[in-house]
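Descriptive structure summary
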Amino acid sequence: TQAKHLVFLDWSLTNPEPVQMNELDQGVQPGAQQVQLGLAGYLEDLGIIDRAGWGAAESTGCGYDISKYRVAIHHTASPPGDTDTYDTRIRQIQSYHINGNGWCDVGYHFLVTQNGQIWEGRPLDYQGAHVGSNNSGNAGISIVGCFAPGACDPSTYGPLVPPEVTIDAVSSLVAVLSGQFSFGIDEDSVKGHRDHASASTSCPGENLHSRLDDIRNLAAGGVTNPGDGSDPSDPSE
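Residues numbered from 1 in each chain as written. Predicted model: local features only at pLDDT ≥ 70, side-chain atom pairs only at ≥ 80, totals over all residues. Heavy atoms only, no water.

**Topic: the packing of helix α4 (residues 164–181) against helix α6 (residues 212–220)**
So the rule is basically this: Angles shown run from 0 to 180 degrees and are taken between the N-to-C directions of axes, each axis being a line fitted to C-alpha atoms and, for helices, limited to the stretch in contact. Under the scheme used here, helices are H or I runs from DSSP no shorter than 4 residues and strands are E runs no shorter than 2 residues, and both carry numbers assigned from the N terminus. Just so you know how the angles are binned, under 35 degrees is roughly parallel, over 145 roughly antiparallel, 65 to 115 roughly perpendicular, and the rest oblique. The sense of a crossing depends on the near helix, which, turned anticlockwise from the far helix by less than a right angle, makes the crossing left-handed and, turned clockwise, makes it right-handed. Every residue pair with non-hydrogen atoms within 4.5 Å of one another is taken to be in contact.
Between α4 and α6, whose axes approach to 8 Å, the crossing angle comes to 50°. As far as their axial angle goes, α6 and α4 are oblique. α6 is crossed by α4, and the crossing has right-handed handedness. Here I167, D168, V170, S171, V174 and A175 of α4 lie close against α6, whose contacting residues are D214, I215, L218 and A219.

Written as structure tokens, this is what we have:
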């Protein structure tokens, strides 16, 4: 007769402890499924249009970067779109970043259109893709439009000067992020794209870069009405 062989298997199942959000503060970690979806409460008073509101495609494979200690200001160097099609323009930018650049989402955390409306971009808990080698801890804010005189045709890319309502919106957003993440507002924490180490770009364009002091001062509460209050995008001014 054939001998029978008995095999005994001793096993146990251990469920890992759930990852706490403060454990992710040390750097970028994979795990897109655990990110907080929807706008955080501290952003709601800014009237931001969230991702669902503009029909964003889903993020895929972005890494965590929970804590922020600085902000980068950009322009998209694209036509600004208009009030009736701003959502289309935001989707086009996201599509280019995902399908053209191969990124997991739109590179910026927030976009601001020229009517002063703020749009949620890549969820803030994810690391952005907007400043090469300087994305860690860096919230990316981009105004939709081109503010580089001589580089963009004003007939299709104009206006080439950021409207005051947009400057105000960016300043309000910087102020809220500064309060939430407890960083000061100065030239080290609020920079243009081109001001970062090793950056080789003119972004955010001279006409926006020249307003960075106004943005910092407004965000810090030091200036209530920069300039003469007129909207440079309005030809009647």
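Back to the text.
**A few points about α6**
The criterion, for reference: Only protein chains enter the calculation, and the probe is 1.4 Å; a residue is then buried if its accessible area is under 20% of its type maximum, exposed if over 50%, and partly exposed in between. Arc, as used here, means the arc of the directions from the helix axis to the C-beta atoms.
All of the buried residues in α6 are L212, I215, R216, L218 and A219. Axial view of α6: buried residues confined to an arc of 165°, hence all on one face. Those residues of α6 that are buried lie in contact with β1 (70–75), α4, β5 (190–192) and α5 (206–209). G221 sits one or two residues past α6 and shows a positive phi near 85°.

**Observations concerning the packing of aromatic side chains**
Our working definition: Centres within 6.5 Å are what make two rings of Phe, Tyr or Trp a pair, Trp counting through its six-membered ring; a difference in plane orientation under 30 degrees is then read as stacked, over 60 as edge-to-face, and the rest as tilted.
Counting across every chain of the model gives two aromatic pairs. Between Y42 and F181, the aromatic rings sit 6.3 Å apart at their centres with planes inclined by 90°, giving edge-to-face as the arrangement. Of this pair, Y42 sits in the segment before α1 (51–54) while F181 sits in helix α4; the two residues are 139 residues apart in sequence, bridging distant segments of the chain. Judged by centre distance (6.3 Å) and plane angle (50°), the rings of Y64 and Y126 are tilted. Of this pair, Y64 sits in the loop between α1 and β1 while Y126 is found in the loop between β3 (118–120) and β4 (138–143), placing the two residues 62 residues apart along the sequence.

**Overview of the side chain of R122**
Stated formally: We treat Lys and Arg as the positive residues and Asp and Glu as the negative residues; His and chain ends play no part in the count. Whenever a carboxyl oxygen of Asp or Glu lies within 4 Å of a side-chain nitrogen of Lys or Arg, that contact is scored as a salt bridge. We call two N or O atoms a polar contact when they sit within 3.5 Å, provided that within protein one can donate a hydrogen and the other can accept it, with sequence-adjacent residues counted only if both atoms are side-chain atoms.
By the element assignment, R122 lies in the loop between β3 and β4. One buried charged residue, R122, remains without a salt bridge, the closest side chain of opposite sign being D105 at 5.1 Å. Within polar-contact distance, the side chain of R122 engages the backbone oxygen of D105 at 3.2 Å. Among the polar contacts made by the side chain of R122, one reaches the main-chain carbonyl oxygen of V106 at a distance of 2.9 Å. Residues within four places of R122 in sequence aside, it is in contact with R51, C62, W103, C104, D105, V106, G107, Y108, H109, Q127, G128 and A129.

**Brief notes about the pairing of β4**
We apply this condition: Any two strands are treated as partners once DSSP identifies two or more bridges connecting them.
When you tally the buried positions in β4, you get six out of six residues, the bulk of the element. As paired elements, β1 and β4 share six bridges and run parallel to each other. Across the sheet, residue H75 finds its bridge partner in β4, namely I143. Where strand β2 (residues 110–112) lies against β4, three bridges are found, and the strand directions are parallel. Its bridge partner lying in β4, V112 is registered against I143.

**Details of the sheet that holds β5**
Overall, mixed pairing links the five strands, which are arranged β3-β2-β4-β1-β5 in an open sheet. The sheet terminates laterally at β3 and β5, the two strands that pair on one side only. On average, each strand axis in the sheet is tilted by 25° relative to the strand beside it, whichever way the strands run.

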